[in-house]
Amino acid sequence: MLHYDAVVIGAGTAGLVAGARLAEGGARVCVVAKGVGSTHLAPGTIDVLGYAPDRVASPAAALPEFMTARADHPYALLGPDAVAESLGWLKARVEAGPLPGYRYAGELDRNLLLPSAIGALRPSALVPETMAGGDAALPGRVAVVGSRSLRDFHASLCAGNLRRAGIEARGLEIDIDVERADENALGLARRFDDAGWRAAFAARLAIKLQADERVGLPAMLGARDPHGAWSDLEQRLGRRVFEIPTLPPSVPGMRLFEILRSALRRAGGRLVIGAEVVDVERSGQAIAAVSTRAGGHDVRYAAPWFVLAAGGFASGAIELDSHWVTHERVLGLPLRGLPAPGEPRFVAEYLAEQPMARVGVAVDGELRAEGAENVMVVGAALPGAVPWSEASGEGIALASGSRAAELVLARAGGTPAGAAA
Amino acid sequence: MTTLSTDVLVIGGGATGAGVAWDAALRGFDVVLVDRGDLAEGTSGRFHGLVHSGGRYAVKDPKAAEECIAENRILRRIAADCIEDIGGFFVTTPWDDPAYADRFKDGCQATGVDCEEIDPALSLREEPRLNPDISRVFRVPDANIDVWKTVWAMAHGAQDRGARVLPYHAAVAFRRDGDRVTGARVRGARTGEEIDVEARVTVNASGAWAGRVADLAGIEGVRVLPGRGIMIAMNHRLVNTCVNRCQMPTDGDILVPIRTVCVIGTTDEHTGDPDDHTVRESEVDAMLDDGEKLVPGFRQARALRVWTGVRPLFEDAKASDTSTRDVTRAHALLDHDQRDGVTGFVTITGGKLTTFRLMAEETMNAVCRQLGEHRPCTTQTEPLPGSEQREHYRLGERLERKEEHLSGAQLICECEMVTRGKLEDAIRRRATTNLDDIRRLLRLGMGPCQGGFCIYRATGVLHGLDGLSAEQADAALQHFLQERWKGIWPILYGDQLRQARLDDWIFQGVLGVAHTPSSDGDRSAA
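Because the structure is a prediction, the values reported are computed rather than measured. (Residues numbered from 1 in each chain as written. Chains lettered and ligands numbered in written order. Predicted model: local features only at pLDDT ≥ 70, side-chain atom pairs only at ≥ 80, totals over all residues.)

**Student:** How should I be thinking about the overall build of chain B in this particular structure?
**Tutor:** Per the secondary structure count, chain B includes 16 helices and 23 strands. For 526 residues, the compact-globule estimate of 2.2 N^0.38 gives 24 Å, and chain B sits close to it at 23 Å. Expressed as a percentage of its 526 residues, the buried residues of chain B come to 57%. Intrachain contacts of chain B at a sequence separation of at least 6 include 72% that bridge at least 24 residues. (Helix = DSSP H or I, 4+ residues; strand = E, 2+ residues; numbered from the N terminus. Rg over C-alpha atoms; globule rule 2.2 N^0.38 Å. Buried ≥ 20, exposed ≤ 12 C-beta atoms within 10 Å, placed from the backbone. Contact = placed C-beta atoms within 7 Å.)

See below:
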């Protein structure tokens, strides 16, 4: 049996933030997870509030009204200050992180509008500096550069939709030799880490560019040293270069994972991935311990506090079974936001709001799970949001992860409780 | 208006209609084949994929059983490349009347359906996931068929002999010259353009829609009752042999392994509207429960997609003989010269996919009678294009080919092993902007992720070819997403809901498909 001050379940953005901030506050923390979380799938941007439901120009301005109008939304529990504070924390951790020179740009005051791989403009509050040059507010024409070798990015389609949105853009293709015809962005990102390869790429690209064009490339500009790769390309091409997120695996998302993991470890926190929670020990209204299984080996973790950051339906932490019953599978907690019996769970129009979309673990005003007084719920496990259509997922993850850490630390009296190992 | 002149106009591009076109072309007729949608988009493309051995009908309908086994043998020869020789079991489960098994055995013997009783223990060795409580097992020569491949092979074979094949062309009016039908006016769904097709004989092969088409021609009393059934594709082959319940045919009693999935079917419910594709939760539950009876643990597997098909059940309101007034599963050939005194028009409806070739043969025999020409049918022996080698499809063929050139060919759809080259070929050949047409042709997006990864890629490829505008590409993507959603939301549970949510993140989160300029009602707020 391992004893911690807090055990965080789930290693997506919310879990890693909660773990890092608990550790920074002096708690002995272990983050256990079945696998890596949302980071590897998401674009790596911090979307705070993009649609409410009209496109949001300024999250800072829109949030107070949004919170009032949607009392059941996670943001209503968290408050605007928690969002702003957590964004500041993240920026600082990026700067102090393992990727030299890599920064996040943007403020809560104004959403940047960045092209997606299909050329739709996505509103994001905070984005990797390597993407910021794609902001629709910036002047200059855009050359979207793809390669036939990368099946996960289609430059001319992206450019075509940007033109429809009023941005002068064209798509062009550049040959990249690949070993495998089904190379993905991560494979190519590793090449961009190589200065020699990058120089040759820049030379081939430069002759295809016109004056005053900025260059949009799929998000693959370096895995180990993205700042180096990106600034080198900007310098060599003598213009703005920016990354455009595309299909998973997400290179900028992996960078964010590295940054958060590093923050956790530097503060003394532990991360165990590949450890699925298979058993829960309850003690009255509290969770006493959880057991994880990895490689056929069971380990028990006991703690006075647990943070549930295991995600929602996408991760499998919440499940609708074939008898149409919905469960929270990790700790067996009650849910909120379910359609009433007999009401439809889904509707026939794909892009309409689906009745099941807002299901999450029932919590009180301080993120505490109903039926388990020492469990804090964060991220996509929270009810009330439709993060993929609100463009709010990372904002909720960051703010709720931060807030949960703060609440746990405060309740533990500022000093770690139960520190005995 | 464009005008075409032909010998035989076929209305309806399902298996029967395409079969008629192929049969007619082989007999040397000039043919025009039209369908209001894509070929095999209706009932033919909406079944479980089983080529019956005849066992299902051995007790209830011996004539149908005889037809099935005869056609099963013929299809194995002529459409070898479209067929996988999975074989079949009829199994007596604890829920089945044990006395039926002997009647089944006798029925098979009487109708010539090859049937061998085997030890249930042997069947469990072959199919370890089968319910261990089965008491009797009979082996029959079931097969599965890729119906889209079959229909397109016949269409291409007919085209090679001069036929014109026009999907997305609906008949909007008939040409009549007194008591003679002389063709029809068809309208292109995509262009809106009308074509006047003059034909010596017009064949109504529109299946569940045959009554409507006959009405349009001014022929009364052709009543086709659409019998609606649901089918669910599970995410992998829980069995590799077709498994049938050994009982009188009923709902949810067949599990057919086909390509990378297996399909459970079906229900039967009369519906007023052949275009009614409603799927009810109670039906889904019933299918899953029936699946559990055949393969315990069925509910733990992922349900990939649900669809409904409508069987054409024919009822002739004009027939004087009461026996034929019964609604029948057998096919019905109506020679409107004999029935209504209207020449140049023949209706073929009813029947089942297994006997489509026979239906086509009988139809063309009637056409020849009307034309007073004797041209013998050769579809029993002539292999379809692509099936000349007479080798059956094997699961793993695509993987085998891919492994030979692992690094050479870019895969667009990993689930179904569709390469970029194949995709580009298909887009060019079909000259289509509809990714669903491509799906039916290549199985693109039919695997476990239901297009989650390949459809953005395919949209990009589609846009890159033939100068499609970004607007058209967005529309193609959104159309595909909406169509796939129709087939998945009624069966979303378990890991498939997880998959769907991942796809929501990809399409709505990462790509922002709801906010491309065409679809975006975006107004900035705050």
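**Student:** I'm lost on the overall build of chain A in this one. Help?
**Tutor:** Assigned secondary structure in chain A consists of 11 helices and 22 strands. Here chain A has a C-alpha radius of gyration of 22 Å; the compact-globule value for 421 residues is 22 Å, and the two agree. With respect to the three principal axes, the spread of C-alpha positions in chain A is 70 × 45 × 40 Å. The proportion of buried residues among the 421 residues of chain A is 55%.

**Student:** Would you take a moment to explain the interface of chain A and chain B for this structure?
**Tutor:** Often, the extent of an interface is quoted as the loss of accessible area upon association of its parts. Facing 47 residues of chain A, the contacting portion of chain B comprises 51 residues. Of all the secondary-structure elements, those providing two or more residues to the side of chain A that touches chain B are β4 (55–56), α2 (59–69), β7 (121–124), α5 (155–164), β18 (318–320) and α10 (387–390) of chain A. Per-element accounting of the side of chain A that touches chain B gives the leading share, five residues, to α5(A). Within the side of chain A that touches chain B, the residues separate by chemical class into 26 nonpolar, 10 polar and 11 charged. (Nonpolar A, V, L, I, M, F, W, Y, C, P; charged D, E, K, R; others polar.)

**Student:** Before we go on, may I ask you to explain the pairing of strand β20 (residues 345–350) of chain B in this structure?
**Tutor:** For a regular strand, side-chain orientation follows a simple rule: the groups alternate between the two sheet faces. All names here are of chain B. In terms of residue burial, β20 counts as a mostly covered element, since six of its six residues are buried. Looking at chain direction, strand β12 (residues 194–204) and β20 are connected through three bridges and run parallel. Counterpart to T202 in the pairing with β20 is F345. For strand β19 (residues 331–335) and β20, the ladder comprises five bridges, and the chain directions are antiparallel. Its bridge partner lying in β20, H331 is registered against G350. (Pairing = 2+ DSSP bridges.)

**Student:** Explain the domain arrangement of chain A to me, please; I cannot follow it from the model alone.
**Tutor:** Split by domain assignment, chain A resolves into domain 1 (2–95 + 255–411) and domain 2 (139–239). In this structure, domain 1 of chain A and domain 2 of chain A have C-alpha centres spaced 34 Å apart. (Domains from an automatic or database assignment.)

**Student:** I'm lost on the domain arrangement of chain B in this one. Help?
**Tutor:** Its domain assignment divides chain B into domain 1 (2–43 + 148–224 + 312–371), domain 2 (83–144 + 225–308) and domain 3 (397–515). In this structure, domain 1 of chain B and domain 3 of chain B have C-alpha centres spaced 33 Å apart.

**Student:** What is the right way to read the nonpolar core from this model?
**Tutor:** The tendency in soluble globular proteins is for nonpolar side chains to be buried side by side. I9(A), V307(A), L308(A), A21(B) and I232(B) are the most contacted members of the largest nonpolar core, which totals 306 residues. Residues contacting A21(B), with those up to four places away along its chain left out, are V10(B), V31(B), L33(B), M154(B), A155(B), A158(B) and A163(B). (Core = buried A, V, L, I, M, F, W, Y, C linked by C-beta atoms within 7 Å.)

**Student:** It is not clear to me how the pairing of strand β16 (residues 261–265) of chain B should be interpreted in this structure. Could you clarify?
**Tutor:** Residue and element names in this part refer to chain B. When you tally the buried positions in β16, you get five out of five residues, the bulk of the element. What you see with β16 is no split at all: V261, V263 and G265 on one side and C262 and I264 on the other are buried throughout. Pairing of strand β13 (residues 222–234) with β16 involves four bridges; the strand directions are antiparallel. Within β16, the residue paired with M231 across the bridge is G265. The pairing of strand β15 (residues 254–258) with β16 spans five bridges and is classified as antiparallel. Across the sheet, residue L255 finds its bridge partner in β16, namely I264.

**Student:** What should I look at first to understand the environment of R270(A) in this one?
**Tutor:** Residues and elements named next belong to chain A. Looking at the element boundaries, R270 is found in strand β13 (residues 270–273). Residues R270 and P74, 196 residues apart in the sequence, show an inter-C-alpha distance of 27 Å. Residues contacting R270, with those up to four places away along its chain left out, are V29, C30 and V31.

**Student:** Can you help me understand the packing of helix α3 (residues 74–95) of chain A against helix α11 (residues 393–411) of chain A in this one?
**Tutor:** The axes of two packed helices give the description: the angle between them and the distance between them. All names here are of chain A. Two elements in contact, α3 and α11, have axes whose closest approach is 7 Å; the angle formed by their N-to-C orientations is 90 degrees. Regarding the angle of α3 to α11, the classification is roughly perpendicular. Contacts between α3 and α11 involve P74, Y75, L78, A82, V83, E85, S86, L87, W89 and L90 from the former and G395, I396, L398, A399, S400, S402 and R403 from the latter. Looking at the contact of α3 with α11, its residues break down into 11 nonpolar, four polar and two charged. (Axes fitted to C-alpha atoms, helices over the stretch in contact; angles between N-to-C directions. Parallel < 35°, antiparallel > 145°, perpendicular 65-115°, else oblique.)

**Student:** When you look at helix α14 (residues 454–464) of chain B in this model, what are you seeing that I'm missing?
**Tutor:** Residues lying three or four places apart along an α-helix face the same way, a consequence of the helix completing one turn every 3.6 residues. Taking burial as the measure, the 11 residues of α14(B) include 11 buried ones, the bulk of the element. Of the positions making up α14(B), those classed as buried are C454(B), I455(B), Y456(B), R457(B), A458(B), T459(B), G460(B), V461(B), L462(B), H463(B) and G464(B).

**Student:** Would you mind going over the environment of L395(B) with me for this structure?
**Tutor:** Residues and elements named next belong to chain B. Checked against the element boundaries, L395 lands in the loop between α10 (356–371) and α11 (397–404). Overall, the presence of 14 C-beta atoms within 10 Å leaves L395 in the partly exposed class. C-alpha separation for the pair L395 and N240, spaced 155 residues apart in sequence, amounts to 9.9 Å.

**Student:** Just to check I follow, could you spell out the sheet that holds strand β1 (residues 2–3) of chain A for this structure?
**Tutor:** In sheet architecture, strand pairing relies on hydrogen bonds along the backbone and comes in two forms, parallel and antiparallel. Residue and element names in this part refer to chain A. An order of β1-β16-β15-β14 is seen for the four strands of this open sheet, with the pairing classed as mixed. Edge positions in the sheet fall to β1 and β14 (276–283), since each has one partner strand and no second. Here strand β15 (residues 286–294) pairs with strand β16 (residues 297–302) via six bridges, running antiparallel. Among the inter-strand pairings, A294 is bridged to a residue of β16, identified as H297.

**Student:** When you look at the confidence of the model for chain B in this model, what are you seeing that I'm missing?
**Tutor:** In regions of low pLDDT, the predicted coordinates are not meant to be interpreted in detail. Residues and elements named next belong to chain B. With 96% of its residues at a pLDDT of 70 or more, chain B shows a mean pLDDT of 92. Note that pLDDT drops below 50 for residues 321–326; the model gives that stretch five contacts with residues more than four away or on any other chain. Taken as a whole, residues 520–526 scores under 50 in pLDDT and shows 20 contacts with residues more than four places along the chain or in a different chain. As scored by the predictor, the complex reaches a pTM of 0.93 and an ipTM of 0.95. (pLDDT = per-residue confidence, 0-100.)

**Student:** Teacher, can you tell me more about the sheet that holds strand β2 (residues 6–11) of chain A here?
**Tutor:** Residues and elements named next belong to chain A. The strand order across the open sheet built from five strands is β13-β3-β2-β17-β22, with neighbouring strands paired in parallel fashion. A strand with exactly one partner marks an edge of an open sheet, and here the two such strands are β13 and β22 (375–377). Between one strand and the next, the sheet's axes are offset by a mean angle of 20 degrees, whatever the strand orientation. Where α11 meets the sheet, its contacts fall on β2, β17 (305–308) and β22, and the angle it forms with β22 comes to roughly 160 degrees.

**Student:** Please clarify how unusual backbone geometry should be interpreted in this entry.
**Tutor:** Residues other than glycine predominantly adopt negative phi, and peptide bonds predominantly adopt the trans conformation. For the bond from A52(A) to P53(A), the omega torsion is -10 degrees, close enough to zero to count as cis. Relative to the helices and strands, P53(A) resides in the loop between β3 (29–36) and β4. With omega at -10 degrees, the peptide bond leading from G265(B) into T266(B) counts as cis. Structurally, T266(B) is set in the loop between β16 and β17 (269–270). Even without glycine at this site, A391(A) takes up a positive phi of about 55 degrees. Tracing the sequence through the fold places A391(A) in the loop between α10 and α11. Its 28 C-beta neighbours within 10 Å are what place A391(A) among the buried residues. A positive phi angle is found at R443(B), which is not glycine, with a value near 70 degrees. Looking at the element boundaries, R443(B) is found in the loop between α13 (435–442) and α14.

**Student:** Looking at this structure, I do not really get the packing of helix α7 (residues 195–206) of chain A against helix α8 (residues 226–237) of chain A. What am I missing?
**Tutor:** Residue and element names in this part refer to chain A. Where α7 meets α8, the axes come as close as 10 Å, and the angle between the chain directions of the two elements is 35 degrees. As α7 packs across α8, the resulting crossing turns out to be right-handed. Across the interface between the two elements, A195, R198, A199, A202, L205 and A206 from α7 touch A229, D232, L233, R236 and L237 from α8. Looking at the contact of α7 with α8 residue by residue, the class counts come to eight nonpolar, no polar and three charged. (Left-handed = near helix turned anticlockwise from the far one by under 90°.)

**Student:** Explanation requested: the confidence of the model for chain A in the structure shown.
**Tutor:** Predicted confidence across chain A gives a mean pLDDT of 95, with 98% of residues reaching 70 or more. Across residues 414–421 of chain A the pLDDT falls below 50, and counting only partners more than four positions away or on other chains, this stretch makes 16 contacts in the model.

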